[in-house]
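Breakdown of the fold
As a plain string of letters, each chain reads:
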Amino acid sequence: MQQPTTIYLSERPATELWHGDALILSGGLSGLAAALALRAREPSWRIAIVEAEATLAREVTLEWRNQPIPGVVGEAIALQAAPLGATAGAPADPVITALAADKVVAAARIDAFVKILPMRVIRTASGMLRGVEVVGKSGRQLMAAPLVVDATPGRAFSHRMAKLPLPAFDRVQRVAYINGVAIDAPQSIALPDSWGVVGNTATLRPTCWSQDAMLSIALPASTGESRSALAQRSQKILTDAVADLRRRGDAYAHASLVDIAPLLSYHGPTAAAEAPTRLPALALYGVYCLPLSDDLMEEVTHASQLALALRPAQAPMPRRSSLPGETLQSSELQADMDQDLPEIALPPVPVSCHEGAEVAVAGWGAAGIYAAISAAEKGADVVVLDPCTIPGGLCTAGRIHSYYYGLTGGRQDALDEQTARRAGDLADAWSGFHPMAKADVFQDALSATGKVTLFTGHVVFGVIKDGARVCALLSAADDGYHLFPCQATIDSTGDGDVAAAAGAATTLGRPGDHFPQPYSYTPSRTQNGKVHHHNFDVSWTDPCDSKEFSRAHFVGRRAIARHAPFTDERHYCSLSPLLGLRESRFIVGRSNVTFDDVLDGQQWPDAVCSSRSNYDNHAMDYAEESRWAWRYVMLCGLWDYAATGQIPFGAMVPADIDGLLVACRALAVDHDLSQMVRMQHDMHVIGEICGVAAAKALQDGVLIGDVDVAALRVELAERGVAPKPATKAADLSVPELLAALNVADENDQAARQLRNLAMWRLGACRGNEGAFWSQFLADCPPAARFPAAVAAALGGHDLPEVRNILQDVITRRVTAPAFGRKAPPPYLTAALALAELPSAPAAANLCALLDEWTPLVHPSAGGSASLVAGTMTSADVLALLKALASVSDRDAAVTGIRTFLAKWPEEPFAMPLWGVQWHQPWDSFRFAIDLRAARTLLKLGDSDVMPLLRPYLNDDSLLIRRYAREILAECRAGNKGR
């Protein structure tokens with residue numbers, strides 16, 4: 001491959017992410033040491049750490065060097081780690097250290113940002129240091145400070161600034177986490193000469209847990225291999241080494257591979273001859289390069305000492321050489337306007353322009369990996385860019401492996417068989433599939449094509465366009481900015497980052513508050529020797545914004561820390577480097593698919609596959625979900641119903657951008673349908689479709705979105721990928737649907753599901769279409785009366801018998817059975833259904849239920865060991881507040897809401913998110929109660945809502961802040977209208 005050439009990107013507008021006194025680049029141990037020493041010296045300074053990876057203390061948390069942490073930073077982490085279950089003097093634990101490091105920086109009042117790469121210095125007009133240009137989910141931004149401390153791995157930042165080659169290293173180390181091995185001292189394990197491991201040995205080291213160990217290997221780094229190649233080779237050797245270890249029997253017979261370290265560690269640095277003079281000279285300009293050493297104790301000690309001499313910039317930097325006359329105009333990700341960040345201009349920047357590729361794939365997660373494999377197998381030259389060293393995204397590095405939903409078919413079937421065979425070499429037992437076995441198989445499949453070039457450690461943040469066509473990707477890495485020209489682009493970032501950077505129209509979140517689904521943050525664990533994970537929801541985030549995305553990592557780890565103290569019998573082994581995101585952007589495509597399309601059996605002429613799942617929405621509060629979801633789940637109990645629907649090729653093609661396909665959860669579906677289409681099997685298929693389409697477009701000489709879909713469908717069918725016939729759910733006559741309402745046995749799950757579908761269908765019969773209700777309600781069996789009344793109310797049929805049935809259920813406070821999972825108790829369902837009738841006296845019932853509500857009591861405070869059936873939760877309060885917005889008796893509704901809020905002024909309205917055990921700490925929904933109350937009051941004509949909105953207008957959560965401001969805008973618009 002040719003060496004890249006240098007070109008320049010044009011000046012562009014951006015935002016200032018942070019402003020302070022000192023900026024520490026990288027939150028590794030030396031960066032933490034410098035930050036703590038600087039804080040001790042300057043108590044009033046505003047100090048920030050910016051880290052490219054997901055966690056601080058990288059050496060322990062991501063590289064898994066588990067020796068005791070040295071120096072002051074070690075003491076600070078040990079202090080915070082002890083309550084989490086760490087034992088003094090024991091090997092450092094990756095998970096506990098990650099949680100403790102967060103607590104250390106919080107206690108020291110140090111701002112910390114993760115998943116943001118520091119790239120270059122920015123100077124003022126006079127040449128003085130202004131700060132550092134960084135890259136994250138908001139594209140390029142400025143972090144402003146007159147003092148910068150470089151603790152980046154290999155001190156890459158300072159070397160780039162001084163125009164020095166990055167330091168050379170003589171070896172790299174990679175570590176695997178093993179369960180089922182009990183050792184109390186390091187052991188050497190002989191490996192075959194042909195593997196190329198330093199010393200032909202691996203080292204087995206004890207951890208702080210009696211049945212776990214770490215297996216490490218070292219590879220020579222001076223062979224000219226790229227970092228991506230070293231990552232892939234070390235992964236393969238480690239899995240082979242574990243398989244070899246298990247075959248030795250005896251003490252190793254039940255050794256099971258749990259995980260592989262996300263990062264390699266580099267050792268034996270050799271700096272350029274000019275480094276000793278050029279790097280210290282940067283201090284004059286306010287940039288300090290921390291000493292680099294193979295000895296962690298020495299490196300951390302030097303960092304602490306140097307911090308005592310740090311000073312802001314003392315002189316302007318030398319004038320830069322003149323730029324070439326021609327620059328490229330880029331299209332890049334941007335910060336969210338509700339972050340209220342100052343606007344700035346970033347000067348032109350050099351980028352390394354690589355040799356053109358036929359297909360560029362951004363992201364090698366569940367879909368991207370199949371896009372790359374499929375395009376390459378069809379003969380295309382493919383470039384893959386991803387920050388992560390492990391292929392497969394959430395299904396491998398993300399630890400989501402105990403369930404594996406969606407429809408099979410295509411290339412994945414053979415790879416899944418290979419994964420199952422490989423897993424038997426690596427572990428005794430596993431839940432779902434073995435994630436590292438799958439990563440191994442993915443890597444082999446990519447390598448077998450001979451057509452894929454990997455660039456791991458690269459964050460894609462922008463594109464170059466020719467008109468509306470994407471013709472190159474822009475990425476950031478530790479060695480600078482890169483540009484990858486390509487003929488076809490596939491966006492497999494998960495969040496639609498390429499499409500958004502290109503200017504494609506997108507949507508985000510549910511209709512009510514624009515929140516995406518809650519996210520998880522998954523640690524690995526073992527259960528009786530079985531490789532498993534712990535997946536539970538931790539909060540909500542907008543992963544499309546740098547500041548908010550960083551915040552989500554810290555919030556997630558705080559939720560994990562709630563499960564401490566950890567013990568030998570109950571602990572986590574490793575922490576995923578990826579958040580478990582279920583939802584973010586959706587593109588507006590040439591075809592846009594809704595859940596109604598699926599239920600109605602929509603036949604798409606360009607259908608290329610199908611998807612199947614239940615409505616797997618993890619929300620606990622349906623008040624802000626769509627009107628569709630309110631009816632489908634809250635009133636008809638259909639959360640569990642597994643639907644199957646077609647996905648058209650047009651849903652993968654942005655409506656307004658050429659040369660780009662979207663192969664990830666960001667394809668053109670609505671928020672409701674995304675709960676079904678995001679499953680791993682379906683993502684594998686969508687990735688394969690886009691990879692085949694890209695290669696075919698190249699062969700046919702057309703843009704990737706203009707491929708001949710009929711011919712593509714034929715080719716896909718030969719690969720085992722084809723849409724299933726579309727069928728309408730509960731496609732029955734009205735008499736058949738009415739008969740289905742009568743369920744004699746509530747334990748008959750099939751009958752209950754058909755009843756709920758019948759309610760859904762019958763609820764769509766409005767006006768004269770529902771003329772049958774009067775007669776049916778007069779004659780129907782008792783078991784059919786309540787579901788019939790709910791369905792009739794959904795259709796707007798305000799009949800005396802409908803009111804009587806619903807009111808009777810409310811009056812008797814019938815608590816069970818609910819229509820389905822996530823449906824409320826019958827008495828609450830009846831109250832919500834009655835509110836569907838505009839002229840019905842619903843306010844009195846809704847307000848009475850609000851008045852009856854009492855807070856749930858946590859088990860630790862003497863509450864029940866589980867949720868008692870029929871008990872109202874904070875989510876039910878939200879539903880009542882939402883329903884009150886549509887009642888006819890507005891004065892009564894306003895009085896009821898105001899009385900309720902006055903009754904509970906300090907109540908957190910706490911309840912557990914999905915997957916959180918009942919005895920674990922719950923999350924506050926106070927913000928949701930206040931904001932929903934404010935919106936309902938506005939709709940009822942009461943505009944005195946500022947006291948409810950004010951606490952949230954500048955909330956740390958971007959989602960909460962944005963929602964509060966949206967309601968404020970509605971309030972101001974309403975006041976102007978009056």
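A short tour of the structure in this document, coming up. (Residues numbered from 1 in each chain as written. Predicted model: local features only at pLDDT ≥ 70, side-chain atom pairs only at ≥ 80, totals over all residues. Heavy atoms only, no water.)

The next thing to look at is the overall build of the chain. Counting its secondary structure elements, the chain contains 30 helices and 38 strands. The C-alpha radius of gyration computed for the chain amounts to 29 Å, which stays within 12% of the reference 30 Å derived for 978 residues, consistent with globular compactness. In terms of its C-alpha atoms, the chain occupies a principal-axis envelope of roughly 95 × 65 × 65 Å. Considering only intrachain contacts with a sequence separation of at least 6, the fraction spanning at least 24 residues in the chain is 76%. For the chain, the exposed surface amounts to about 34,300 Å²; the carbon and sulfur share of it is 52%. (Helix = DSSP H or I, 4+ residues; strand = E, 2+ residues; numbered from the N terminus. Rg over C-alpha atoms; globule rule 2.2 N^0.38 Å. Contact = heavy atoms within 4.5 Å. Areas by Shrake-Rupley, 256 points an atom, 1.4 Å probe, with all protein chains shown as cover.)

Moving on, we come to helix H11 (residues 435-449). Three- or four-residue spacings in an α-helix give side chains the same orientation, since the helix completes a turn every 3.6 residues. End to end, H11 covers 22 Å across 15 residues, agreeing with the expected 21 Å (1.5 Å per residue, within 8%). Here H11 lies mainly inside the structure; twelve of its 15 residues are buried. The complete set of buried residues in H11 reads Pro-435, Met-436, Ala-437, Lys-438, Ala-439, Asp-440, Val-441, Phe-442, Gln-443, Ala-445, Leu-446 and Thr-449. Packing partners of the buried residues in H11 comprise helix H6 (227-247), strand E14 (256-260), helix H9 (368-377), helix H10 (411-426), strand E23 (452-456) and helix H17 (680-700). Just downstream of H11 lies Gly-450, where phi reads positive at about 65°. (Expected span 1.5 Å × (residues − 1). Buried < 20%, exposed > 50% of the residue type's maximum accessible area, 1.4 Å probe, protein only.)

Applying the stated criterion across every chain, the model contains 28 aromatic pairs. Measuring from ring centre to ring centre gives 5.8 Å for Phe-595 and Tyr-615, while their planes differ by 65°; the resulting arrangement is edge-to-face. Of the two residues, Phe-595 is situated in helix H14 (residues 595-599) and Tyr-615 in the loop between strand E34 (607-613) and helix H15 (627-635); the sequence distance between them amounts to 20 residues. Judged on exposure class, the residue Phe-595 and its partner Tyr-615 are both buried. Here a set of aromatic residues connected by ring pairs shows up, and it is made of Phe-595, Tyr-615, Trp-628, Tyr-632 and Trp-760. Sitting over the ring of Phe-549, Lys-137 keeps its end group 5.5 Å from the ring centre. The ring of Tyr-481 has Arg-140 lying over it, and the distance from NZ or CZ to the ring centre is 5.8 Å. (Phe/Tyr/Trp six-rings, centres within 6.5 Å; stacked < 30°, edge-to-face > 60°. Lys NZ or Arg CZ within 6 Å of the ring centre and 35° of its normal.)

Their axes nearest at 10 Å, the elements H6 and H11 cross at an angle of 130°. What the angle tells us is that H6 and H11 run oblique. Regarding H6 and H11, the two cross each other, and that crossing is left-handed. Mapping the contact onto sequence places Gln-232, Arg-233, Gln-235, Lys-236 and Thr-239 in H6 and Met-436, Ala-439, Asp-440, Gln-443 and Asp-444 in H11. (Axes fitted to C-alpha atoms, helices over the stretch in contact; angles between N-to-C directions. Parallel < 35°, antiparallel > 145°, perpendicular 65-115°, else oblique. Left-handed = near helix turned anticlockwise from the far one by under 90°.)

Bringing the sheet that holds strand E8 (residues 139-144) into the picture now. With mixed pairing, five strands are arranged side by side in an open sheet as E6-E7-E8-E2-E18. Looking at the sheet topology across the chains shown, the edges are occupied by strand E6 (117-123) and strand E18 (343-346). Sheet twist, expressed as the average angle between the axes of neighbouring strands with direction ignored, equals 40°. In this sheet, strand E7 (residues 129-136) lies alongside E6 in antiparallel orientation, the contact comprising six bridges. Bridge pairing in E7 links Leu-117 to Val-135. (Pairing = 2+ DSSP bridges.)

Turning to the side chain of Arg-174, a few remarks are in order. Within the element layout of this structure, Arg-174 appears in strand E10 (residues 168-179). No salt bridge is formed by the buried Arg-174; the nearest opposite charge belongs to Asp-259, separated by 7.8 Å. A polar side-chain atom of Arg-174 sits 3.4 Å from a polar atom in the side chain of Thr-389. (Lys, Arg positive; Asp, Glu negative; His and termini not counted. Salt bridge = Lys/Arg side-chain N within 4 Å of Asp/Glu carboxyl O. Polar contact = N/O pair within 3.5 Å; in protein donor to acceptor, adjacent residues only side chain to side chain.)

This structure, assessed with the given rule, holds zero disulfides. Of all cysteine sulfurs in the structure, the one in Cys-690 sits closest to Cys-664, which takes part in no disulfide; the separation is 8.8 Å. Exposure remark for Cys-664: the relative accessible area of 3% places this residue in the buried category. (Disulfide = S-S within 2.5 Å.)

Summed over the entire model, instances satisfying the criterion amount to 63 salt bridges. The partner of Asp-381 in a salt bridge is Lys-451, with the nearest N and O atoms 2.9 Å apart. Of this pair, Asp-381 sits in the loop between H9 and strand E21 (382-386) while Lys-451 sits in the loop between H11 and E23, and the two are 70 residues apart along the sequence. Among the residues examined, Lys-451 registers a relative accessible area of 26% and is labelled partly exposed. With its nearest N and O atoms 3.9 Å apart, the salt bridge here joins Arg-590 to Asp-658. Remark: Asp-658 occurs in the loop between strand E35 (643-648) and strand E36 (660-662) and Arg-590 occurs in the loop between strand E33 (585-587) and H14; sequence separation between them is 68 residues. What makes Arg-590 partly exposed here is its relative accessible area of 40%. The exposure class of Asp-658 is partly exposed, given its relative accessible area of 27%. One continuous salt-bridge network, built from bridges that share partners, spans Lys-236, Asp-240, Arg-422, Asp-425, Asp-440 and Asp-444.

As judged from the four bridges shared by strand E11 (residues 187-190) and strand E12 (residues 201-206), these two strands associate in the antiparallel manner. Bridged to Ala-190 within E12 is Thr-201. Sheet analysis places E12 next to strand E13 (residues 212-220), joined by four bridges and oriented antiparallel. By the bridge assignment for E13, Thr-203 is matched with Ser-216. What sits between the antiparallel neighbours E12 and E13 is a turn of five residues.

Read from one edge of the open sheet, four strands run E22-E30-E29-E32, paired in mixed fashion. The open sheet terminates on both sides in strands that have one partner only, identified here as strand E22 (429-430) and strand E32 (574-575). Looking at chain direction, strand E29 (residues 523-527) and E32 are connected through two bridges and run antiparallel. Bridging from a neighbouring strand, Ser-524 pairs with Ser-574 of E32.

Now for the nonpolar core. Considering soluble globular proteins, one finds that nonpolar side chains tend to be buried as a cluster. Judged by nonpolar contacts, the single largest core of 304 residues is most densely connected at Phe-649 and Trp-773. Leu-17, Trp-18, Leu-23 and Leu-279 belong to the second largest nonpolar core, which has 28 residues in total. (Core = buried A, V, L, I, M, F, W, Y, C linked by side-chain atoms within 4.5 Å.)

Most of H15 is tucked away, with eight of its nine residues classed as buried. Taken residue by residue, H15 has Trp-628, Ala-629, Trp-630, Arg-631, Tyr-632, Val-633, Met-634 and Leu-635 as its buried positions. If you follow the buried residues of H15, they end up packed against H14, helix H16 (671-677), helix H20 (749-762), helix H22 (782-794), helix H24 (826-834) and helix H26 (874-884). Directly beyond the C-terminal end of H15, a positive phi value near 65° is found at Gly-637.

H22 packs onto H20 with a crossing angle of 30° between their chain directions and a minimal axis gap of 8 Å. Comparing the axis directions of H20 and H22 gives the class roughly parallel. For the element pair H20 and H22, the recorded crossing hand is right-handed. Residues Arg-755, Met-759 and Leu-762 of H20 pack against Pro-787, Val-790 and Ala-791 of H22.

What follows is about unusual backbone geometry. Here Ala-564 and Pro-565 are connected by a cis peptide whose omega angle stands at 0°. Its place among the elements puts Pro-565 in the loop between helix H13 (546-561) and E32. The residue after Ala-816, namely Pro-817, is reached through a cis peptide bond having omega 0°. Take Pro-817: it is sitting in the loop between helix H23 (800-811) and H24. Its identity is not glycine, yet Arg-399 carries a phi of approximately 70°, on the positive side. Residue position: Arg-399 is located in the loop between E21 and H10. For Arg-399, a relative accessible area of 0% translates into the label buried. We note that Lys-822 has phi near 70°; this positive angle belongs to a residue other than glycine. Mapping Lys-822 onto the fold places it in the loop between H23 and H24. For Lys-822, a relative accessible area of 22% gives the class partly exposed.

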